[in-house]
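Observations on the three-dimensional arrangement
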Protein chains: 2
Amino acid sequence: VTDGDQARAAADQTTVDAFHRGRFHLVQPRRGHRAGIDAMLLAAAIDGGFSGHCIDLGSGAGAAGLAVASRCPCARVTLVERDPLMLDCARQSLALPQNTALVQARIDVLACDATWRRPAREVAGLTDAMADCTIMNPPFNTPHDQATGDPLRRVAHVMESGMFEAWIRTATALTRANGILALIARPHSLRDILDALEGRFGNARIRLIHPRPQAQAIRVVVRARRGSRASLGFVPPLVLHGTEGNAFGAEADCINNGAGSLFAD
Amino acid sequence: VTDGDQARAAADQTTVDAFHRGRFHLVQPRRGHRAGIDAMLLAAAIDGGFSGHCIDLGSGAGAAGLAVASRCPCARVTLVERDPLMLDCARQSLALPQNTALVQARIDVLACDATWRRPAREVAGLTDAMADCTIMNPPFNTPHDQATGDPLRRVAHVMESGMFEAWIRTATALTRANGILALIARPHSLRDILDALEGRFGNARIRLIHPRPQAQAIRVVVRARRGSRASLGFVPPLVLHGTEGNAFGAEADCINNGAGSLFAD
């Protein structure tokens, strides 16, 4: 049994799920990280009129990248992922008959780690300044999050700081001057994110995502411009649900279905 | 004509203004920086039940510190300011007959620069760990803000970063273990603030202040705990006004008048 065989066997345990009211479908592993509102929020940071080349860095099965393609009829999208199982899902998604109209010739998949340096990236097919826009939803809920001791927590924090630095360093190389970076993360990562953006991306627009009107934010979406020196700003937050019940509010529902934009401007 | 004479002559150009629906009054210069909603927001970061010693670092005429005394009947407050004109206003405020009930023996004034190191601070009367709570509203709208050229803006940014580092370093020394730091600033300073808090204050609770429901945030209030390693969190923002008109909304009006708390917990 080779690694490839194992990956293929695991990939058999997949589901096909509809997003954007059925405008695209996604093959993803039945277990483990499954795409949902986070990927749709990230894609909604890119305006529907965007018509350039978007790189989804660390795309997983490709939910956010496909959502950008679904929102932006004139965009090209490259899904970049290192995990063979997720890459397999992404390739299966592109081959789904339900996605024919969406995919056409404008979506491709590359095997590359988000932290690789230029020589390895170029071998993988990624060249500097190739992207008009880079989007990323870096992984979290790692085992380190459950670390309780102070030393362990400190290690986890250093690892997470290093991850944002490495991913945003890669995005800096891949994104052309004046291009866009959009990312979604947990609010407590905001310091690491702002530190990594410094001198690389400016004019950051930040939108916090609250689950309910009275609850603390659970996510933050940041959109910034390559090479800008303008200050950051916080736009009004998005509240996903009302005080009670599990239904999305009007704006969140719109965004989850590919219609709304997270940053109106 | 000595410096003292000039300061006194300038201090004659003062007004006496009521805050918290007349529960305290403030002597302040007719021209220049005049206290308003910012100082009331900062004071509202301290719960009304607080009964320890609060230092208002860089107090100006003392609006925020007096507002804490007004909100917290059992608190002691020390106003710390370097500017002779503002110190004179602060002392005049404490002597106002309208403030007799507020002041009693629980408010005092010290002449000290917020950036001075321990030896100079101790001469001024400030000793390490003397505060249960430190509040600060560091100055902005300096001439540097109007700088337009890139090099000038970079200098202004470095100066502002240095200011937060220096002020928060002082607050770190003055605040006892497990004590509170509260500050108000402009949102674009959040990175410098989070950098300066690192390893000193944790469990930061952050509340953005938006002027209107659809407008970007104009202020950020941060409350953090000395020595805590807990993550930061964003509570839902405060919106000062409705979509139209100049009246405060219900919560902002409450806070401006000393009744509400910015962080309910």
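A brief look at the structure comes next. All figures in this text were calculated on a predicted structure; none of them were measured in a lab.

Here we look at the state of the cysteines
Residues and elements named next belong to chain B. Summed over the entire model, instances satisfying the criterion amount to zero disulfides over all chains. The structure places no disulfide on cysteine 89, whose sulfur is separated from the nearest cysteine sulfur, that of cysteine 112, by 19 Å. For cysteine 89, a relative accessible area of 0% translates into the label buried. Unpaired in terms of disulfides, cysteine 254 finds its nearest cysteine sulfur in cysteine 72, a separation of 15 Å. Exposure remark for cysteine 254: the relative accessible area of 33% places this residue in the partly exposed category.

Quick word on the relation of the copies chain A and chain B
Note on the copies: chain A fits chain B at an RMSD of 0.0 Å, the axial shift is 0.0 Å, and the rotation between them is 180°. The superposition of one copy onto the other is thereby described by a two-fold rotation axis. Measuring from the rotation axis to each C-alpha of chain A, the shortest distance belongs to arginine 191 of chain A, at 3.0 Å. Looking at the interface residues of chain A, 100% of them are also at the interface in chain B, so both copies use one shared face.

As for helix α8 (residues 190-197) of chain A
All names here are of chain A. In terms of burial, α8 is largely enclosed, as seven of its eight residues are buried. Of all the residues in α8, the buried ones are Leu190, Arg191, Asp192, Ile193, Leu194, Ala196 and Leu197. Taken from the residues just after α8, glycine 199 is the one with a positive phi, measuring 80°.

Some details on the pattern of salt bridges
All told, the structure shown has 26 salt bridges over all chains when counted by the stated rule. Its salt-bridge partner being aspartate 113 of chain A, residue arginine 82 of chain A comes within 2.9 Å of it at the nearest N-O pair. Of this pair, arginine 82 of chain A sits in the loop between β4 (76-81) and α4 (84-95) while aspartate 113 of chain A sits in the loop between β5 (107-111) and α6 (118-124), and the two are 31 residues apart along the sequence. Owing to a relative accessible area of 60%, arginine 82 of chain A belongs among the exposed residues under this scheme. Arginine 121 of chain A is paired through a salt bridge with aspartate 128 of chain A; the nearest N and O atoms lie 3.2 Å apart. Classification of arginine 121 of chain A by relative accessible area gives buried; the value is 5%. If you follow the salt bridges from partner to partner, you end up with Arg191, Asp195 and Glu198 of chain A together with Arg191, Asp195 and Glu198 of chain B in one network.

Considering the pairing of strand β7 (residues 175-185) of chain A
Residue and element names in this part refer to chain A. For β7, the buried fraction is high: eight of the eleven residues fall into the buried class. As paired elements, β7 and strand β9 (residues 219-226) share six bridges and run antiparallel to each other. Counted as the bridge partner of leucine 181 is alanine 224 from β9.

Some remarks on the packing of aromatic side chains
We describe a pair of aromatic rings using the distance from one ring centre to the other and the angle between the two ring planes. Residues and elements named next belong to chain A. In total, this model carries three aromatic pairs over all chains according to the counting rule given. Note on phenylalanine 19 and phenylalanine 24: the rings are 5.5 Å apart at their centroids and 10° apart in plane angle, and the pair reads as stacked. Phenylalanine 19 gets classed as buried once you look at its relative accessible area, which sits at 10%. Over the ring of phenylalanine 201 we find arginine 226; its NZ or CZ atom is 5.8 Å from the centre of that ring.

Quick look at the interface of chain A and chain B
On the side of chain B, 27 residues touch chain A, which itself brings 27 residues to the contact. When chain A packs against chain B, the two sides together hide about 2,300 Å² of surface, and 58% of this comes from carbon and sulfur. At the junction of chain A with chain B, the criterion picks out four salt bridges. Ionic pairing is found between arginine 191 of chain A and glutamate 198 of chain B, a salt bridge with its closest N-O pair at 2.9 Å. Counting across the interface, chain A meets chain B through six residue pairs in polar contact (both at pLDDT 80 or more).

Criteria and cut-off values
Residues numbered from 1 in each chain as written. Chains lettered and ligands numbered in written order. Predicted model: local features only at pLDDT ≥ 70, side-chain atom pairs only at ≥ 80, totals over all residues. Heavy atoms only, no water. Disulfide = S-S within 2.5 Å. Buried < 20%, exposed > 50% of the residue type's maximum accessible area, 1.4 Å probe, protein only. Least-squares fit on C-alpha atoms with pLDDT ≥ 70 in both. Contact = heavy atoms within 4.5 Å. Helix = DSSP H or I, 4+ residues; strand = E, 2+ residues; numbered from the N terminus. Salt bridge = Lys/Arg side-chain N within 4 Å of Asp/Glu carboxyl O. Pairing = 2+ DSSP bridges. Phe/Tyr/Trp six-rings, centres within 6.5 Å; stacked < 30°, edge-to-face > 60°. Lys NZ or Arg CZ within 6 Å of the ring centre and 35° of its normal. Buried area = accessible area lost by both parts, 1.4 Å probe. Polar contact = N/O pair within 3.5 Å; in protein donor to acceptor, adjacent residues only side chain to side chain.

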